[in-house]
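Residue strings, one per chain:
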Amino acid sequence: MAITYNNLYLELRQSFRLAGIEAASLEARELVCHGTHKTAEQFWSCLNYYVPAPSEAEVRALARRRLEGEPAAYLLGEWSFCGLDLDVDNTVLIPRADTEVVAELAASRAREAGDHARVLDLCAGTGCIGLAVATWAKNCRVVLGDSSPDAVRVCNQNIRRCGLRSGVTCFPVNALEEPPRQLWDFDIIVSNPPYIPSGDINGLDRSVRDYEPHLALDGGADGLDFYRAIARKWKKALRADGWLIFEVGVGQAGAVEDILTAQGFVNVASYPDTREILRVVEGQWRSRTDAEQTRSQSGLLDDQ
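The numbering scheme is per chain: residues are counted from 1 as the chain's sequence reads. Since the coordinates come from a predicted model, pLDDT governs what is reported: local features require at least 70, and pairs of side-chain atoms require 80 or more to be given and counted, while whole-chain, interface and lining totals use all residues. The basis for every side-chain value is the complete set of heavy atoms in the structure, and neither hydrogens nor water enter the calculation.

**Comments concerning unusual backbone geometry**
Residues other than glycine seldom take positive phi values, yet His-37 does so here, at roughly 60°. Working definition: helices are DSSP H or I runs of at least four residues, strands are E runs of at least two. Numbering for both runs from the N terminus. With respect to the helices and strands, the residue His-37 is situated in the loop between helix H2 (24–36) and helix H3 (40–45). With a 1.4 Å probe rolled over the protein chains alone, any residue whose accessible area is under 20% of its type maximum counts as buried; one over 50% counts as exposed, and the rest are partly exposed. On the basis of relative accessible area, His-37 is assigned to the exposed category, the value being 60%. Of note in the backbone geometry, Cys-123 takes a positive phi value of approximately 65° without being a glycine. When you line up the elements, Cys-123 lands in the loop between strand E3 (118–122) and helix H7 (128–136). A residue is classified by how much of its surface remains accessible, and Cys-123, at 17% relative accessible area, is buried.

So, in structure tokens, the structure goes:
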């Protein structure tokens, strides 16, 4: 029996709500648009028209996959972040609204640094943070860095999609290792690294556990491996008075503040996301004092 665009949308929305999908209305609309090959404007203009049978079947197949746990972003092949439409596939984490506050702070620090500020988005994934910074902080130079060849591929796709090839480049790099010679003298290093404790991954929502890449989730036994490595090894890639900015998981802000402080960063502070969860930790890098150098030589800093 034929169904209208409006009724198909309402049916999906109700199914998604019953399944506990938070953004049920948005995802229902996006899947109907994707499955019927219509823009949002076209969808709203033909609500009372009947959906062709092949398109209805495509939408229902997408809805079944969503109800089985597959994230909408992977079904659509794209997702929006800070007003940018980005390519997304199951080799990279899906950009989340919580991360937008990280991008906003990094862009603010880049503007403070002035024209031609240099920004590194480390563990870039889709490149969402660095691309947002490049959009909001005009004339800055941004490098997207990730160890995953798939992430590098997606980053390059998104650089082209956002029309930012003149100001953004991509570089394969492992955040757990020392920075290569090509990556030095940054005003800002911003990172949303893997931060889920290894033992907690099996308890994640199935849409994350079963579909998103564990390489981009697993932060080691306590979730802090990447914070320790980046704070210790990558500070040398910062200019004097440069900023290291992290996204952190729930309850991790205090520990990450301690890591930055132990590594000689100053002006260390945490900031909440839109849900009032401490989501961002930053610290400013300055020349280390003789006392700090002595501590480093004794191995105390490297243990943090």
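Back to the text.
**Observations regarding the packing of aromatic side chains**
Here a pair means two rings of Phe, Tyr or Trp (six-membered ring of Trp) with centres within 6.5 Å. Their orientation is stacked below 30 degrees between planes, edge-to-face above 60, and tilted elsewhere. According to the stated counting rule, one finds five aromatic pairs in the structure shown. Between Tyr-9 and Phe-43, the ring centres sit 5.8 Å apart and the planes meet at 70°, which makes this aromatic pair edge-to-face. Placement of Tyr-9 in helix H1 (residues 5–18) and of Phe-43 in helix H3 is noted, with a sequence separation of 34 residues between them. Judged by relative accessible area, Tyr-9 falls into the buried class, the value being 9%. Residue classification places Phe-43 among the buried positions, given a relative accessible area of 0%. Note on Tyr-227 and Phe-246: the rings are 4.9 Å apart at their centroids and 90° apart in plane angle, and the pair reads as edge-to-face. One end of the pair, Tyr-227, is in helix H10 (residues 225–233); the other, Phe-246, is in strand E7 (residues 238–247), and 19 residues separate them in sequence. Given the relative accessible area of 0%, Tyr-227 is considered buried. Among the aromatic residues, those joined into a cluster by ring pairs are Tyr-9, Phe-43 and Trp-44. In this structure, Arg-109 packs its charged tip against the face of Trp-243, placed 3.8 Å from the ring centre. Our definition puts a charge over a ring when NZ of Lys or CZ of Arg is within 6 Å of the ring centre and also within 35 degrees of the ring normal. The positively charged end of Arg-118 is found above the aromatic ring belonging to Phe-186, 4.5 Å away from the centroid.

**Description of the sheet that holds strand E8 (residues 266–272)**
In this analysis, strands are considered paired if DSSP registers two or more bridges between them. The sheet built from seven strands is open, its strands ordered E5-E4-E3-E6-E7-E9-E8 with mixed pairing. The strands lining the two open edges of the sheet, one partner per strand, are strand E5 (168–172) and E8. The average undirected angle you get between the axes of adjacent strands in this sheet is 15°. As judged from the five bridges shared by E8 and strand E9 (residues 278–284), these two strands associate in the antiparallel manner. The partner of Pro-272 across the bridge, within E9, is Leu-278. What makes two residues a contact is simply this: any of their non-hydrogen atoms within 4.5 Å. Helix axes are fitted to C-alpha atoms over the stretch in contact, other axes to C-alpha atoms as well, and angles between N-to-C directions run from 0 to 180 degrees. Against the sheet, H10 makes contact with E3, strand E6 (186–191) and E7, and its axis sits at roughly 175° relative to E7, the strand it touches most. In the packing of helix H11 (residues 253–262) onto the sheet, contacts are made with E7, E8 and E9, and the angle to E9 comes to roughly 10°.

**Considering the pattern of salt bridges**
Whenever a carboxyl oxygen of Asp or Glu lies within 4 Å of a side-chain nitrogen of Lys or Arg, that contact is scored as a salt bridge. Tallied over the full model, the rule gives 21 salt bridges. In this structure, the salt-bridge partner of Arg-65 is Glu-70, at a minimum N-O distance of 2.9 Å. The class of Glu-70 is buried, set by a relative accessible area of 14%. Between Asp-225 and Arg-228 there is a salt bridge, with the nearest N and O atoms lying 3.4 Å from each other. Of this pair, Asp-225 and Arg-228 both sit in helix H10, separated by three residues, roughly a single helical turn. Classification of Asp-225 by relative accessible area gives partly exposed; the value is 36%. Through salt bridges with shared partners, one network takes in Asp-98, Asp-273, Arg-275 and Arg-279.

**Focus on the pairing of strand E4 (residues 141–146)**
Counted residue by residue, E4 has five buried out of six residues, so it is predominantly covered. Crossovers are marked right-handed if the path from the first strand over the helix to the second runs clockwise, as seen with the strands pointing away from the viewer. What joins E3 to E4 is H7, and the crossover it makes is right-handed. Pairing of E4 with E5, which is carried by five bridges, proceeds in the parallel orientation. Along E5, the bridge assignment pairs Gly-145 with Phe-171. Following the chain from E4 across helix H8 (residues 149–161) to the adjacent parallel E5, one finds a crossover that is right-handed.

**Here's the deal with the side chain of Ser-270**
Assignment of secondary structure puts Ser-270 in strand E8. Two N or O atoms count as a polar contact when they lie within 3.5 Å, although within protein this holds only if one can serve as hydrogen donor and the other as acceptor, and sequence-adjacent residues are included solely when both atoms are side-chain atoms. Among the polar contacts listed, one links the side chain of Ser-270 to the side chain of Glu-257, at a separation of 2.5 Å. Those residues in contact with Ser-270 that lie beyond four places of it in its chain are Ala-253, Glu-257, Leu-278, Val-280 and Val-281.

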